[in-house]
Amino acid sequence: MKRQGLLVLLIVMAIAVIAGCSGSSGKDGKLVIGIDDKFAPMGFRDDNNEIVGFDIDYAKAAAEKMGKEVTFQPIDWSSKESELNSGRIDMIWNGYTITDERKEKVLFTKPYLENSQVVVVLADSPLTKLDDLAGKEVGLQSLSSAADALNSSPVKAKIATVSEFPDNVLALTDLKSKRLDGVVIDEVVAKYYMSKEPGTYKLLNESLAPEQYGIGIKKGNEALLTELQKALDELSSDGKAAEISKKWFGENKVLN
């Protein structure tokens, strides 16, 4: 009886391992994509609380090419790589900047969009250039490429205080309340909010750092990376990527 019990236990454990591996690689026909649901216009909630955005449409189109169902999972952006490596999500896909540090943690697709880190201030602010931030209060999203860009800039040493926020929306709220003098943020995000609230914000004349967006996949899952890249290449060649870009940006910004 003991041997039979041990055999049953081993079988159950094997099934659990197989199921876990399947669920974390998209092999079961489903993909779970981790997003920041307050990162407009890449991925965010609309007035009906529906998750929408450029990356959302782009991911849906890629999943259709791959013959997979897609689920978007809002995550704590500061722990995105942990979510990926744990198997709770299959991809990080929401304005995810490619950096050398992140390349050590995840596999990246080819870049699909150009971006840069900029500083947003209120429209009536006297600040016009990066050096004007000396002695000022600045905010940004924690553990984001905005933080990396600011840390790499000489202006960082001149800033009085850098406050970190869970998301850009909270940082911009503090800016509007004048608790901050500026917010370091992705250019695509800044321009979205500038278009939604004309006359509220402006950008400093200088940007901090150019960058590119890519999709992150767990290391060791080269098969999923290859499958996804093939789908993205097809979306570029058949014009679907350009169509999605024009919907959200008014022009084709997708890199071929």
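First things first, this report covers the structure right here in the doc. Predicted model, so just to flag it, every value in this text is computed and none were measured.

1. Digging into unusual backbone geometry
No. 1: Omega for the bond connecting alanine 40 with proline 41 falls within 30 degrees of zero, at 5°, which places this linkage in the cis form.
No. 2: With respect to the helices and strands, proline 41 occurs in the loop between strand E2 (38–39) and strand E3 (43–45).
No. 3: In this structure, asparagine 49 takes a positive phi of about 70° despite not being glycine.
No. 4: Summarising the element assignment, asparagine 49 is placed in the loop between E3 and strand E4 (51–52).
No. 5: A positive phi angle, near 50°, is found at leucine 143, a position not held by glycine.
No. 6: On the secondary structure map, leucine 143 appears in the loop between strand E9 (137–141) and helix H5 (145–151).
No. 7: According to the relative accessible area criterion, leucine 143 is exposed, its value standing at 51%.

2. Here we look at the pattern of salt bridges
No. 1: Per the stated rule, a full pass over the model turns up 15 salt bridges.
No. 2: For lysine 65, the salt bridge identified is with aspartate 238, shortest N-O distance 2.6 Å. Here lysine 65 is found in helix H2 (residues 54–66), whereas its partner aspartate 238 is found in the loop between helix H8 (222–237) and helix H9 (240–249), with 173 residues between them in sequence.
No. 3: Note that arginine 179 and aspartate 174 form a salt bridge whose closest N and O atoms lie 2.7 Å from each other.
No. 4: For arginine 179, a relative accessible area of 52% corresponds to the exposed category.
No. 5: Exposure remark for aspartate 174: the relative accessible area of 16% places this residue in the buried category.

3. Looking at the sheet that holds E3
No. 1: Across the sheet, which stays open at both edges, the three strands sit in the order E2-E3-E4 with antiparallel pairing between neighbours. Sheet topology places E2 and E4 at the edges, where each strand pairs with a single neighbour.
No. 2: Summarising the sheet, E3 and E4 pair through two bridges and their orientation is antiparallel. Of the residues in E4, the one forming a bridge with phenylalanine 44 is valine 52.

4. A few points about H2
No. 1: Taking 1.5 Å as the rise per residue, H2 with 13 residues should run 18 Å; its terminal C-alpha atoms sit 18 Å apart, in good agreement.
No. 2: The buried count for H2 comes to 10 of 13 residues, which makes it a mostly enclosed element.
No. 3: Turning to H2, its buried residues number three or more, namely Phe54, Asp55, Ile56, Asp57, Tyr58, Ala59, Ala61, Ala62, Ala63 and Met66.
No. 4: Glycine 67 lies just past H2 and shows a positive phi near 70°.

5. Regarding the sheet that holds strand E5 (residues 69–74)
Sheets are built from strands paired through backbone hydrogen bonds, the pairs being either parallel or antiparallel.
No. 1: Strand order in the open sheet made by the five strands is E5-E1-E6-E14-E7, with mixed pairing throughout. Strands with a single pairing partner mark the edges of an open sheet, and in this sheet they are E5 and strand E7 (106–108).
No. 2: Bridging between strand E1 (residues 30–35) and strand E6 (residues 91–92) involves two bridges; their strand directions are parallel. Paired with glycine 34 across the strands is isoleucine 92, a residue of E6.
No. 3: Of the strands in this sheet, E1, E5 and E6 are in contact with H2, which crosses E5 at around 150°.

6. Re the pairing of E1
No. 1: Two strands pair when backbone bridges link them, and E1 and E5 are joined in this way by six bridges, in the parallel orientation. Within E5, the residue paired with isoleucine 35 across the bridge is proline 74.

What counts, and at which threshold
- Residues numbered from 1 in each chain as written.
- Predicted model: local features only at pLDDT ≥ 70, side-chain atom pairs only at ≥ 80, totals over all residues.
- Heavy atoms only, no water.
- Helix = DSSP H or I, 4+ residues; strand = E, 2+ residues; numbered from the N terminus.
- Buried < 20%, exposed > 50% of the residue type's maximum accessible area, 1.4 Å probe, protein only.
- Salt bridge = Lys/Arg side-chain N within 4 Å of Asp/Glu carboxyl O.
- Pairing = 2+ DSSP bridges.
- Expected span 1.5 Å × (residues − 1).
- Contact = heavy atoms within 4.5 Å.
- Axes fitted to C-alpha atoms, helices over the stretch in contact; angles between N-to-C directions.

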